[in-house]
Amino acid sequence: MRAFHTPASTDHDPDRYFRRGAIVDHPEQADRYAILLRAVSAKHAVSETADHGIAPIEAVHDAGYIAFLREAWSRRAELPGVDEEILSGHFSRPHMHTRPTGMLGLIGYHTADTSTPIRAGTWNAVYHSAQVAVSAADAALADGHAYGLCRPPGHHAYADSAGGFCFLNNSGIAARRLQAQKGDGARVAILDIDVHHGNGTQGIFYEAPDVLTISIHADPADYFPYYAGYAEERGAGAGAGFNLNLPLAHGQGDDAFHAAIGTALERIAGDAPDALVVALGLDASEHDPIGALKVTTPGFARAATMIAGAGLPTALIQEGGYLCDALPDNLAAFLEAFDRAR
Ligand SMILES: [Zn+2]
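1. Quick notes on the overall build of the chain
Part 1 of the reasoning: Scanning the chain for helices and strands turns up ten helices and twelve strands.
Part 2 of the reasoning: Scaling as 2.2 N^0.38, a compact globule of 342 residues should have a C-alpha radius of gyration of about 20 Å, and the chain matches this with 18 Å.
Part 3 of the reasoning: Projected onto its principal axes, the C-alpha coordinates of the chain cover approximately 55 × 45 × 40 Å.
Part 4 of the reasoning: Expressed as a percentage of the 342 residues in the chain, the buried residues total 57%.
Part 5 of the reasoning: Taking as baseline every contact in the chain between residues at least 6 positions apart, the subset at least 24 positions apart corresponds to 76%.

2. Digging into the pattern of salt bridges
Part 1 of the reasoning: Using the criterion set out here, one finds 15 salt bridges in the structure.
Part 2 of the reasoning: For Glu28, the salt bridge goes to Arg32, with nearest N and O atoms at 2.7 Å.
Part 3 of the reasoning: According to the relative accessible area criterion, Glu28 is buried, its value standing at 0%.
Part 4 of the reasoning: The network of salt bridges with shared partners includes Asp15, Arg16, Glu84, Glu85 and Arg119.

3. Quick notes on the packing of helix 1 (residues 31–41) against helix 10 (residues 326–341)
Part 1 of the reasoning: One way to put it is that helix 1 packs onto helix 10 with a least axis distance of 9 Å and a crossing angle of 35°. In the packing of helix 1 onto helix 10, the handedness of the crossing is right-handed. Listed contacts from helix 10 to Ile35, Leu36, Ala39 and Val40 of helix 1 are Leu327, Pro328, Leu331, Ala332 and Leu335.
Part 2 of the reasoning: A breakdown of the residues in the contact of helix 1 with helix 10 according to their chemical character gives nine nonpolar, no polar and no charged.

4. Overview of the side chain of Thr116
Part 1 of the reasoning: As for its placement among the helices and strands, Thr116 is situated in the loop between helix 4 (103–110) and strand 6 (118–119).
Part 2 of the reasoning: Classification of Thr116 by relative accessible area gives buried; the value is 2%.
Part 3 of the reasoning: Among all residues touching Thr116, those that are not within four sequence positions of it are Leu87, Thr111, Ala162, Gly163, Gly164, Phe165, Cys166 and Phe167.

5. Regarding the coordination of the zinc ion
Part 1 of the reasoning: The protein atoms donating to the zinc ion are Asp194 (OD), Asp194 (OD), His196 (ND1) and Asp283 (OD), with metal-donor distances spanning 2.0 to 2.8 Å.
Part 2 of the reasoning: Coordination at the zinc ion is irregular, judged from the four donor atoms that bind it and the angles of 52 to 153° they form at the metal.
Part 3 of the reasoning: Binding-site remark: the zinc ion is held by donors from one chain whose sequence spacing is D-x1-H-x86-D.
Part 4 of the reasoning: Asp194 gets classed as buried once you look at its relative accessible area, which sits at 0%.
Part 5 of the reasoning: Residue class for His196 comes out buried when judged on its relative accessible area of 7%.

6. Observations concerning the sheet that holds strand 7 (residues 145–148)
Part 1 of the reasoning: The strand order 4-1-7-12-11-8-9-10 describes an open sheet built from eight strands, whose pairing is parallel. The sheet is open, and its two edges are formed by strand 4 (45–48) and strand 10 (243–248), each paired on a single side. For this sheet the average axis-to-axis angle between neighbouring strands, irrespective of direction, equals 15°.
Part 2 of the reasoning: Two strands pair when backbone bridges link them, and strand 9 (residues 211–218) and strand 10 are joined in this way by six bridges, in the parallel orientation. Looking across to strand 10, one finds that Thr213 is bridged to Asn243.
Part 3 of the reasoning: The strands that helix 5 (residues 122–143) touches are strand 1 (2–5), strand 7 and strand 12 (314–318); relative to strand 7, the one it contacts most, it runs at about 170°.

7. Brief notes about the packing of aromatic side chains
Part 1 of the reasoning: For the coordinates displayed, the defined rule picks out eight aromatic pairs.
Part 2 of the reasoning: Geometrically, the ring pair formed by Phe334 and Phe338 is stacked, given 6.3 Å between the ring centres and 25° between the ring planes. Taken as a pair, Phe334 and Phe338 lie in helix 10 at a separation of four residues, close to a single helical turn.
Part 3 of the reasoning: Here Phe338 falls in the buried class, since its relative accessible area comes to 0%.
Part 4 of the reasoning: An aromatic cluster is present here, built from Tyr17, Phe165 and Tyr322 joined pairwise through their rings.

8. As for the state of the cysteines
Part 1 of the reasoning: Using the criterion set out here, one finds zero disulfides in the structure.
Part 2 of the reasoning: Cysteine Cys324 is unpaired, with the sulfur of Cys166 as its nearest cysteine sulfur at 18 Å.
Part 3 of the reasoning: Of the residues examined, Cys324 reaches a relative accessible area of 21% and is grouped as partly exposed.

9. A look at the nonpolar core
Part 1 of the reasoning: Residues Tyr147, Ile216, Phe257 and Phe334 are the most contacted members of the largest nonpolar core, which totals 53 residues.
Part 2 of the reasoning: For this core, the secondary-structure elements that each account for two or more residues are helix 1, strand 8 (188–192), strand 9, strand 10, helix 8 (254–271), strand 11 (275–280), helix 9 (297–308) and helix 10.
Part 3 of the reasoning: Here Tyr147 is in contact with Met1, Arg2, Ala3, Phe4, Val40, Ala136, Leu280, Leu316, Gln318, Leu331 and Leu335, once residues within four sequence places are set aside.
Part 4 of the reasoning: With 46 residues, the next largest nonpolar core counts Ala72, Trp123, Ala130 and Val188 among its residues.

10. Some details on the side chain of His196
Part 1 of the reasoning: Secondary-structure assignment places His196 in the loop between strand 8 and helix 7 (199–205).
Part 2 of the reasoning: A polar contact is formed between the side chain of His196 and the side chain of Tyr223, at a distance of 3.1 Å.
Part 3 of the reasoning: Polar contacts involving the side chain of His196 include one to the side chain of Asp283, which spans 3.1 Å.
Part 4 of the reasoning: With sequence-adjacent residues up to four places away left out, His196 is seen in contact with His155, His156, Ser215, His217, Tyr223, Phe224, Asp283 and Ile290.

About the criteria used
Residues numbered from 1 in each chain as written. Predicted model: local features only at pLDDT ≥ 70, side-chain atom pairs only at ≥ 80, totals over all residues. Heavy atoms only, no water. Helix = DSSP H or I, 4+ residues; strand = E, 2+ residues; numbered from the N terminus. Rg over C-alpha atoms; globule rule 2.2 N^0.38 Å. Buried < 20%, exposed > 50% of the residue type's maximum accessible area, 1.4 Å probe, protein only. Contact = heavy atoms within 4.5 Å. Salt bridge = Lys/Arg side-chain N within 4 Å of Asp/Glu carboxyl O. Axes fitted to C-alpha atoms, helices over the stretch in contact; angles between N-to-C directions. Left-handed = near helix turned anticlockwise from the far one by under 90°. Nonpolar A, V, L, I, M, F, W, Y, C, P; charged D, E, K, R; others polar. Donors = N, O, S within 2.8 Å, 3.2 Å for Na, K, Ca; no water. Tetrahedral: all angles 85-135°; square planar, octahedral: opposite > 155°, others 65-115°. Pairing = 2+ DSSP bridges. Phe/Tyr/Trp six-rings, centres within 6.5 Å; stacked < 30°, edge-to-face > 60°. Disulfide = S-S within 2.5 Å. Core = buried A, V, L, I, M, F, W, Y, C linked by side-chain atoms within 4.5 Å. Polar contact = N/O pair within 3.5 Å; in protein donor to acceptor, adjacent residues only side chain to side chain.

Structure representation (structure tokens):
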């Protein structure tokens with residue numbers, strides 16, 4: 001299959017992460033890009049993304065948030081002591097929602113946690129990562145399916161906020177691009193198989209009846225993102241009934257993962273969308289350093305075969321999956337099985 005990437009991915013390389021009260025190595029490292037690119041380059045036609053402009057990003061994200069991401073680094077002089085990255089320890093709560101003007105307050109307004117520091121190259125990395133998603137969406141319509149190596153990932157980013165290592169919602173951007181290219185009235189489904197609930201994606205499309213969002217993930221009752229991802233969250237307003245969460249008990253493996261994918265595919269078939277986005281996190285792996293499920297490498301291949309069987313134009317968008325020996329094997333197995341099933 002055709003695969004897209006951007007060397008700009010490495011322009012954002014956070015090194016520290018505040019976890020359970022301690023400063024640890026940041027899990028979402030730029031090395032992920034080289035490792036995933038090597039895995040996909042072995043058997044697939046890889047090319048650098050084109051620049052499709054800001055419009056596909058504006059189709060998903062608020063103008064004020066985009067401006068904040070773009071300008072934050074150039075405003076770092078407002079924060080004495082900032083050297084390599086901008087972070088806040090203050091965050092707005094649902095009952096405190098006035099947007100401040102000062103930089104420190106703005107950071108807390110537009111971020112959910114301390115995992116998304118803004119560095120000199122952050123905007124360049126997330127902008128071009130979003131372009132990768134657009135290229136994958138276009139190629140999915142031309143060829144039937146395609147892969148986008150998006151890094152940083154995107155599915156925890158809301159329309160107006162970063163969080164969970166994510167800045168721009170690449171899967172959401174791919175979904176809106178597929179709709180725009182298909183024309184008026186087109187419907188898209190997003191199937192998120194990352195081990196973490198796709199809370200940003202759910203939030204963006206929660207009231208949208210034209211984008212069915214489904215997430216399979218480890219039970220958030222004691223796992224990130226904690227505050228969303230529950231089975232009773234079904235969408236709202238015109239989008240009521242168009243969000244499906246399939247949380248799994250921690251420690252479950254291939255059988256439970258595949259059963260949930262089966263349930264998701266039945267729901268997708270019932271909705272008869274024109275195209276599919278797979279939010280392809282690989283951190284459900286049994287070897288993932290921050291995972292909570294036990295999916296094997298053959299288990300990822302089987303998942304790909306099942307999803308390919310839906311027969312829809314499909315954009316595979318990279319989400320999570322962290323540094324471990326199994327990471328490139330899981331990506332290679334998934335893509336190869338998807339190709340073989342088509
Ligand atoms: Zn994840």
